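Below, each chain spelled out in residue letters.
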Amino acid sequence: MRIEVTPADVAASRFAISPLGETMAALRLHAGQSSSAVLRPWLARTRERYLRLRREYPAVAALLGLLRRNGYNADFIQPPPTGIGMSFADELAVVRATPVEQARDELARNLAGHPNPPAYAQRLLAMSDVVARIAEAIEAAWVALVAPEWPRLRAILERDVVQRAGQLATYGWAAALADLDPRLRFVTDRHGSRIDIRHQDRGTYALAGRGLLFVPSVFGPMITYVDPPWPYAIVYPARGVADLLGPPQPDRSPEALDRLIGPTRAAILRALAVPATTSQLVAQLGTGLGNVGGHLAVLRQAGLVSRIRMGRSVRYERTSLGDALAAEAAEPGPPGPTGPEPPGSATGAPPDPAGDAAPEPAGPGPAIERSSGRTR
């Protein structure tokens, strides 16, 4: 896939955070439709909540049965986010406002792409309150899986937005895209500038001054949107997702960095793998503002972190000495998977009980989500 860009597209590009999108991605992760070695502890910790959700809300199974990795998914289930300030309630209200006939048309097209349409999804399609049932399932998933940790998750996403938006505005496309995904690269040659994405879709698309929508995600893999009603968009794994696991648990043996500078300062130094404000660190680490501020002052005096004023906020980041200390103290983890994992393997749990049809499994390469309308 090739996305042609111009200098005007830098100014037109924008960022968004989608609580509803995170909810859908968390569901797909639990169902085995995507995989993440980094999030295995989170999957194990929330597995019982997910299984209870499946038992109590049959529409969740139908919803998962609809979703496809490379193909059309009903537009109304996950409307495009419009900015970084949207709440889950705002996004869910858009879903609930979908006319029933529109929802049925989109679901019918969605099901038509399945070689063996799941029976439970077909039954859902025939219900007069199909929109309400799907909205209820999404809301239940939000409450069970995402809402309890949303302040921490949002802090991770906001930090990525601040850093990447700054890189895009200051240094351009190459800097903003440098670590987005190994299958993506920015190319400038005599033909112009473009984003090349290694994928089975060989199409060429032109932003033509409309810019690109960047949507960081904690739970989701890289997804490219190239059809309306979405604008041209890339959903990508946010930096610092490993910080989702939070500070060490009380029953863990102290690590070298904890012993050296104390567990709270060590947690702050680890979290600053991605620059953050004091309030973002408070949300992520779950400790008091004064406590974080005091430890930041000590780390700064020791030359391990520095601070940068950006408008009305102050961001902290690790210095080269802080990077070196955190790297030396880090314990090597097990190697990540070399390919897609089968459903359920991320937690060591059995395959997801999807009823009378299994969900579409994760596949190699970034997904291309298809929406209604012509391909642009």
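Residues numbered from 1 in each chain as written. Predicted model: local features only at pLDDT ≥ 70, side-chain atom pairs only at ≥ 80, totals over all residues. Heavy atoms only, no water.

Turning to the environment of Thr6, a few remarks are in order. Counting through the fold element by element, Thr6 comes out in the loop between strand S1 (2–5) and helix H1 (7–12). On a C-alpha basis, the gap between Thr6 and Leu207 in space is 7.7 Å, while along the polypeptide they are 201 residues apart. (Helix = DSSP H or I, 4+ residues; strand = E, 2+ residues; numbered from the N terminus.)

Let us now look at the pairing of S1. Burial of the side chains of S1 is restricted to one face: Ile3 and Val5 are buried, whereas none of Arg2 and Glu4 on the reverse face is. Note that S1 and strand S6 (residues 204–206) share three bridges and pair parallel. By the bridge assignment for S6, Ile3 is matched with Tyr205. (Buried < 20%, exposed > 50% of the residue type's maximum accessible area, 1.4 Å probe, protein only. Pairing = 2+ DSSP bridges.)

Turning next to a nonpolar patch on the surface. Taken together, the side chains of Val162, Ile308 and Met310 define a hydrophobic patch exposed on the protein surface, amounting to about 200 Å² of accessible area. Within the secondary structure, Val162 is located in helix H9 (residues 150–171). (Patch = residues over 30% accessible without salt bridge, like charges linked within 9 Å, V, L, I, M, F, W, Y side chains within 5 Å. Areas by Shrake-Rupley, 256 points an atom, 1.4 Å probe, with all protein chains shown as cover. Salt bridge = Lys/Arg side-chain N within 4 Å of Asp/Glu carboxyl O.)

Here helix H4 (residues 58–66) lies mainly inside the structure; eight of its nine residues are buried. Residues of H4 that are buried: Ala59, Val60, Ala61, Ala62, Leu63, Leu64, Gly65 and Leu66. Looking at the packing, one finds that the buried side of H4 touches helix H2 (19–30), helix H3 (40–56), helix H6 (100–112), helix H7 (119–125) and helix H8 (130–146). (Contact = heavy atoms within 4.5 Å.)

Now for the environment of Phe15. Position of Phe15 among the secondary structure elements: in strand S2 (residues 14–15). Sequence separation between Phe15 and Gly83 is 68 residues; the distance between their C-alpha atoms is 6.3 Å. Setting aside residues up to four positions removed in sequence, Phe15 forms contacts with Gly83, Ile84, Val161, Arg164, Ala165, Leu168, Leu213, Phe214 and Tyr236.

It is worth spelling out the packing of H3 against H8 at this point. At a minimum axis distance of 9 Å, the contact between H3 and H8 shows a crossing angle of 145 degrees. The hand of the H3/H8 crossing is right-handed. Where H3 approaches H8, its residues Trp42, Thr46, Arg49, Tyr50 and Leu53 are matched on the opposing element by Ala140, Ala141, Ala144 and Leu145. (Axes fitted to C-alpha atoms, helices over the stretch in contact; angles between N-to-C directions. Left-handed = near helix turned anticlockwise from the far one by under 90°.)

By size, the foremost hydrophobic cluster in this structure holds 74 residues, and its most contacted members are Ile77 and Phe219. Looking at this core, the element that brings in the most residues is H8, giving 12 residues. Counting residues in each nonpolar core, the second largest holds 18 residues, with Ala267, Ala271, Val292 and Leu299 among its members. (Core = buried A, V, L, I, M, F, W, Y, C linked by side-chain atoms within 4.5 Å.)

Time to look at the sheet that holds S1. If you walk across this open sheet you meet the four strands as S4-S5-S1-S6, and the pairing is mixed. Of all strands in the sheet, those with a lone pairing partner are strand S4 (184–189) and S6, marking the two edges. Shown here is a sheet whose adjacent strand axes are inclined to one another by a mean of 25 degrees, direction ignored. As defined by bridge partners, S4 adjoins strand S5 (residues 192–197) across six bridges and the pair is classed as antiparallel. Bridging from a neighbouring strand, Asp189 pairs with Gly192 of S5.

A separate point is the environment of Met222. Examined against the element boundaries, Met222 turns out to sit in the loop between strand S7 (213–217) and strand S8 (223–225). The class of Met222 is buried, set by a relative accessible area of 1%. Separated by 14 residues in the primary sequence, Met222 and Tyr236 have C-alpha atoms spaced 4.3 Å apart.

Residues with a pLDDT of 70 or more make up 84% of the chain, whose mean pLDDT is 82. Of the regions scoring below 50 in pLDDT, residues 245–254 engages in 11 contacts with residues more than four places distant in sequence or in other chains. (pLDDT = per-residue confidence, 0-100.)

Turning to the pattern of salt bridges, a few remarks are in order. Summed over the entire model, instances satisfying the criterion amount to 15 salt bridges. Across the pair Glu158 and Arg154 runs a salt bridge whose closest N-O atoms are separated by 2.8 Å. Of the two residues, Glu158 and Arg154 both sit in helix H9, four residues apart, roughly one turn of that helix. Its relative accessible area of 25% is what places Glu158 among the partly exposed residues. Between Asp160 and Arg164 there is a salt bridge, with the nearest N and O atoms lying 3.2 Å from each other. In this pair, Asp160 and Arg164 are both assigned in helix H9, four residues apart and thus about one turn of the helix distant.

Pairing of S1 with S5 involves four bridges; the strand directions are antiparallel. Each residue of the ladder has a partner; that of Glu4, found in S5, is Arg194. The turn linking S4 back onto S5 is made up of two residues.

Turning to the sheet that holds strand S12 (residues 313–318), a few remarks are in order. Spatially, S10-S12-S11 is the arrangement adopted by the three strands of the open sheet, whose pairing is antiparallel. In this open sheet, the two edge strands, each paired with only one partner strand, are strand S10 (276–277) and strand S11 (305–310). Examined bridge by bridge, S11 and S12 share six bridges and lie antiparallel to one another. Within S12, the residue paired with Ser306 across the bridge is Glu317.

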